[in-house]
Structures are given as C-alpha cells and as structure tokens.
Amino acid sequence: MRIVVSAGPEEAGEAAARLVLQRLSVSSGRVLGVATGSSPGPLYRALAASVRAGADLSDVRGFALDEYIGLPREHPQSYHSIVERDVAMPLGLRPEAILVPEGQAPDPTSAAAAYEAAIAAAGGIDVQILGIGTNGHIGFNEPGSPRGSRTRMVRLEESTRRANSRFFRSLDDVPTLAITQGVSTILEARSIVLIASGEAKASAVRRSVQGATTEDMPASLLQGHRDVTLFLDPAAASLLDRVPAKA
Ligand code: F6R
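Attention here is on the structure that accompanies the text. (Residues numbered from 1 in each chain as written. Predicted model: local features only at pLDDT ≥ 70, side-chain atom pairs only at ≥ 80, totals over all residues. Heavy atoms only, no water.)

Quick notes on the environment of glycine 224
Tracing the backbone shows glycine 224 in the loop between helix 7 (202-210) and strand 10 (228-232). For glycine 224, a relative accessible area of 73% corresponds to the exposed category. Sequence separation between glycine 224 and threonine 213 is eleven residues, and the spatial gap between their C-alpha atoms is 8.3 Å. (Helix = DSSP H or I, 4+ residues; strand = E, 2+ residues; numbered from the N terminus. Buried < 20%, exposed > 50% of the residue type's maximum accessible area, 1.4 Å probe, protein only.)

Encoded structure:
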C-alpha cells in the first residue's frame, strides 16, 4: 500500500486525480470504478478541471460501487442520480457510460449477477476509486463481509445508516438494504485509489494500513492488492505510526 498525505482534502483529491489519469492513460479500454459519498468529491472536481483543461475522458466507461435498494432511481440520493450529477456530467460522460447496480430490480440476485457479467464484459476495472466507512467498509461491504464476496444484496449497519442520514431528511428515510460490488470484485480492479479525509476516518485508516488483514475490517483486505494508493489529509493520517512526506 502506498500512502500519500496532502495538505488538505482538496489537495488529496488533486493528487488522487493525477494518479487516476495516469493509470487510465496506460489502459486501452479505460474503465473507472466509481465511489459515491463525500470523500471522492475533491477527486471528481479535480478530474473535471482536467477535462476543462483539455483531458479527454469521453471514451471512459464506469461502474459504480453500489446502490441503495428501495430508492427510486430519480430520488436525489439514489446513486444513479448522484453518479449522473456529480460524476458523469462534470466529466463530460454520457449518463449511460457509467453503470450503477439496479437497486429496484425485482430480483436483486440476478441483478447482481448481471452487474458482475457487465464488468467482466468491459474487460474489468482499470482504476477503482474507494472511500472508507468509519467501520472500515469498502463499497457497502460491512465488517464480516467475506474476502471472496461478489456483487450481492447486503444489509447496512446502523452506523452506516446513521452516517449517511446526513444526506436524508431523517434516519428512517435511509434504506436498510443495498447492492454492492463484493470484496473480491473490488480486489480484481487493476489499480485501487482510496481517498479519506477527516479525523473520523483516522482509526479505520490506521487499522486498515497497520492492523491485521481481517474480514472484520474490510479495507484491511486491500493490503493483499499489488497497486493500492491511499490519499489522505493530515487528520485521516493522524493515527498512523509513520506519516509519509506530504504530496
Ligand atoms: C460509496 C461507498 C462507501 C463510502 C463510505 C465513505 O459508494 O461505497 O463505501 O465510500 O461510506 O463515505 P463518505 O465518503 O461519505 O464518508
């Protein structure tokens, strides 16, 4: 795992965007794995600035990590809506260029299998962008998710629902179920970029980087991947034993 600590969240996003562009530039198919949530906002803004400055991402295709079950696609907090609004539009991609798991499918198991098949048909994911939950989740793979898990329906932990309730009117409005890429699906990405900022993430970052590799801390399973880079602000890096030089 490489760790890059920047002066703040915006700078971490800019540093992460540079690596994403570099990794995409050496790939012929150009497939991006897309996280939602607050953490990757600065990264998407930096990518959008690169596009405005002339970078051409128009052939990039993407796959979102996850989607709530039970929210209509048009709901402003569905990941379909967020990916279109915060990723596809700013990067100049057609909305259809980024697939999102079908949270409204009558049969989530078949929808999950179809999603895996679509990723495989695209040639796999070149760069997977990740955030991290305060409980160490990646995607919506909560603690205890098997190392070999693939895209599937999952139940969200109460702590995850509480954390995400900031985007909803009340906790009751936050869905309890989701479809998420599995741990194994994520680990198959050729390159992984995890972005985290703020003190609330410091403990999960420490346990993921310096703790044991365990399904109880899903992000620690990234230690077994050969191309993972964590982009942190000083607060998220504050509990690491050795803080690398600033980038
Ligand atoms: C989002 C996702 C989650 C978030 C994590 C952190 O698609 O899969 O794993 O990355 O919950 O969320 P934020 O960035 O909002 O703190």
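Let's talk about helix 1 (residues 9-25)
The end-to-end C-alpha distance of helix 1, which contains 17 residues, comes to 24 Å, matching closely the 24 Å that a straight helix rising 1.5 Å per residue would cover. Among the residues of helix 1, those classed as buried are Ala12, Gly13, Ala15, Ala16, Ala17, Leu19, Val20 and Leu24. (Expected span 1.5 Å × (residues − 1).)

Some thoughts on the nonpolar core
With 73 residues, the main nonpolar core has Val20, Leu222, Phe231 and Leu232 as its most contacted residues. The element that contributes the greatest number of residues to this core is helix 1, accounting for seven residues. Setting aside its immediate chain neighbours within four residues, phenylalanine 231 contacts Val4, Ala12, Ala15, Ala16, Leu19, Val193, Leu194, Ile195 and Ala196. (Core = buried A, V, L, I, M, F, W, Y, C linked by side-chain atoms within 4.5 Å. Contact = heavy atoms within 4.5 Å.)

As for the sheet that holds strand 7 (residues 152-155)
A sheet is described by the order of its strands in space; here three strands give the open sequence 4-8-7, paired in antiparallel fashion. One side of each edge strand has no neighbouring strand; the edge strands of this open sheet are strand 4 (66-69) and strand 7. Each strand of the sheet is rotated relative to its neighbour by a mean of 30°, with strand direction disregarded. Relative to strand 8 (residues 177-180), strand 4 runs antiparallel, the two being bridged by four bridges. The partner of isoleucine 69 across the bridge, within strand 8, is leucine 177. (Pairing = 2+ DSSP bridges. Axes fitted to C-alpha atoms, helices over the stretch in contact; angles between N-to-C directions.)

So, unusual backbone geometry
One non-glycine residue, arginine 30, lies in the positive phi region at around 60°. Along the chain, arginine 30 falls in the loop between helix 1 and strand 2 (31-34).

Quick word on the site of the ligand
Taken together, 13 residues are adjacent to the ligand, and Thr36, Ser39, Asp66, His137 and Lys201 come closest. Between the ligand and serine 38, the relevant distance is 2.8 Å, taken from an oxygen atom to a main-chain nitrogen or oxygen of the residue. Considering the ligand on its own, with 410 Å² of exposed area, one finds that the protein chains cover 93% of that surface. Most atoms of the ligand, that is more than half of them, are within 2 Å of grid points of the largest pocket. Grouping the amino acids of the shell around the ligand by side-chain chemistry returns three nonpolar, seven polar and three charged. (Near = heavy atom within 4 Å. Polar contact = N/O pair within 3.5 Å; in protein donor to acceptor, adjacent residues only side chain to side chain. Areas by Shrake-Rupley, 256 points an atom, 1.4 Å probe, with all protein chains shown as cover. 1 Å grid on protein atoms, 1.4 Å probe; cavity = no way out; pocket = protein on both sides within 12 Å on 5 of 7 lines; lining within 4 Å. Sits in = over half its atoms within 2 Å of the grid points. Nonpolar A, V, L, I, M, F, W, Y, C, P; charged D, E, K, R; others polar.)

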